[in-house]
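Structural description and commentary
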Amino acid sequence: MRFSVAYRPLYFLAALGMGGLSVSFFVYLMFLIPHPGSPIPHLSHVLAAYRDGTVPSRVFLSVILGLTFFFAVRHYQVLIANIRAYRAFTRTPEYVAFRASNAEISLMAIPLTLGMSVNVAFVVGALAIPGMWAAKEYLFPVALLAMTGIAGYALVVFGRYLTRILVHKGFDIEDTNHFSQVLPSFAFAMIAVGYSSSAAMSSTKPVVVIGLVGTFIFLAAAAAWILVKLPVAFAGMLRHGMAVEAGPTLWLGIPIMTLVGITVLRDVMGTSHTLLHATVNPVVWFVFFGLLVAAQLVMGLFGYAIMRRQAYFATYVTGPRRSVAAYGLICPGVALSVLLMFFIHWGLVEPGIIARDSVPHYGLVAVVALVQLVTIRTLTILNRKLMGGQPAGSSSLEPAVAAVAPV
């Protein structure tokens, strides 16, 4: 696999987006096929759905499974290619300059993507390995160890960056007219959602408590860094205007909101079921997910208006210029589709606001499918431009912003 633009760690966002798409198709199975006795569907539920379903439902199930596994395979292919390319990149003189600039923050894309890899592995294992769910109480401690390893790596990368900019005064305050510097919050939120899976789905109290504590720590870290960096970014944009190449960072909050929403849901479920032995009124989730989706839509429309006015899509997506940061457009599409599914089913179907299997129900699911189709189309265009071709220089990018303009 070739990278068509001079390698930067932002290429990990390509693997991140493909992993997110795999999980987003798995969410269909989670909400649309029966899985009694389990919070997520696994192989036995899929086989039962095939056995009892109609021809159209079997076709639908086959398509969803095919897309889930396809993007999972692509995720790991691109992840491995990134790891190899990154190791080579660390042995170049460019890496030294990279580590001394604001661009160093883009290294947080690595633990962010590794966190997604754990989620994808869990999804693939549940769907492909017979009896895996029966061993879940042995698997969740392993998952906690994996997330702790990724969390440790993220803290090392972030701590090294923070030490450099605070102790050695290595931060370029003029290069802040974008939201790239909020990337650590995205990574911390991904780690938090990884911990929350054990908190929600384990029946072992120590595992649940450890998962809860992990989510508390990394949600707090994500929120704290957002509070630090948002005012700096807004001030930079007011001084210099929005950096065109960093346009996708306007949508950075969309995936963060999805991760926070799922984490809070899982933490509440783990606390209520395992620790309190209580239930939560489903109307609460209508309000909670409704507010998050509304915030995502506002942020999405705002970012779209700015990028369209700056001709970002015509320049960096369908146009001639190549920017690795454009992969930052994929995660918001994935995140919106996933949170919409949670809003539809936890916020509308569960409280009885709309009926399951009704026309409004499937009409809203069709909207989710449309968001995914647009996201896949964008990913396909970017892959043609940024992967698979001959390596090229990064002359089409402003060096500082090109390196730090992730989502």
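Cut-offs used in this document
- Residues numbered from 1 in each chain as written.
- Predicted model: local features only at pLDDT ≥ 70, side-chain atom pairs only at ≥ 80, totals over all residues.
- Heavy atoms only, no water.
- pLDDT = per-residue confidence, 0-100.
- Helix = DSSP H or I, 4+ residues; strand = E, 2+ residues; numbered from the N terminus.
- Contact = heavy atoms within 4.5 Å.
- Core = buried A, V, L, I, M, F, W, Y, C linked by side-chain atoms within 4.5 Å.
- Buried < 20%, exposed > 50% of the residue type's maximum accessible area, 1.4 Å probe, protein only.
- Salt bridge = Lys/Arg side-chain N within 4 Å of Asp/Glu carboxyl O.
- Polar contact = N/O pair within 3.5 Å; in protein donor to acceptor, adjacent residues only side chain to side chain.

So, on to the confidence of the model for the protein. Do not read the fine detail of predicted coordinates wherever pLDDT is low. Predicted confidence across the protein gives a mean pLDDT of 91, with 95% of residues reaching 70 or more. Confidence, expressed as mean pLDDT per element, reaches its minimum in the protein at helix α14 (residues 399-404) with 38 and its maximum at helix α12 (residues 330-349) with 97. Segment residues 390-407: pLDDT under 50, and 60 contacts once partners within four positions in sequence are set aside and those in other chains are kept.

The biggest cluster of nonpolar side chains holds 131 residues, and the ones touching the most others in it are Tyr11, Met108, Phe186 and Tyr327. Considering each element in turn, this core owes the most residues, 15 residues, to helix α1 (residues 12-32). Sequence-distant contacts of methionine 108, that is, excluding residues within four places in its chain, are made with Ala154, Val157, Phe158, Leu183, Pro184, Ala187 and Phe188.

Note on pairing: side chains with opposite charge can pair once their charged atoms come close. With the rule as written, the count across this model stands at 6 salt bridges. Put simply, glutamate 104 and arginine 160 hold a salt bridge, and the shortest N to O gap is 3.9 Å. Note that glutamate 104 is positioned in the loop between α4 (93-99) and α5 (109-128) and arginine 160 in helix α6 (residues 136-167), a separation of 56 residues in sequence. Judged by relative accessible area, glutamate 104 falls into the buried class, the value being 1%. Given the relative accessible area of 32%, arginine 160 is considered partly exposed. Linking arginine 356 and glutamate 350 is a salt bridge whose minimum nitrogen-to-oxygen distance equals 3.9 Å. What makes arginine 356 partly exposed here is its relative accessible area of 39%. One connected set of salt bridges, linked through shared partners, spans Arg99, Glu104, Arg160 and Arg164.

You can see histidine 75 is positioned in helix α3 (residues 55-89). Separated by 2.7 Å, the side chain of histidine 75 and the backbone oxygen of alanine 15 make a polar contact. Residues in contact with histidine 75, not counting those within four places in the same chain, are Ala15, Leu16, Met18, Gly19, Thr113, Met116, Ser117 and Val120.

Before going further, it helps to examine the side chain of serine 24. Looking at the element boundaries, serine 24 is found in helix α1. At a separation of 2.7 Å, a polar atom in the side chain of serine 24 contacts the main-chain carbonyl oxygen of leucine 21. In terms of polar contacts, serine 24 uses its side chain to reach the side chain of glutamine 372, at 3.0 Å.

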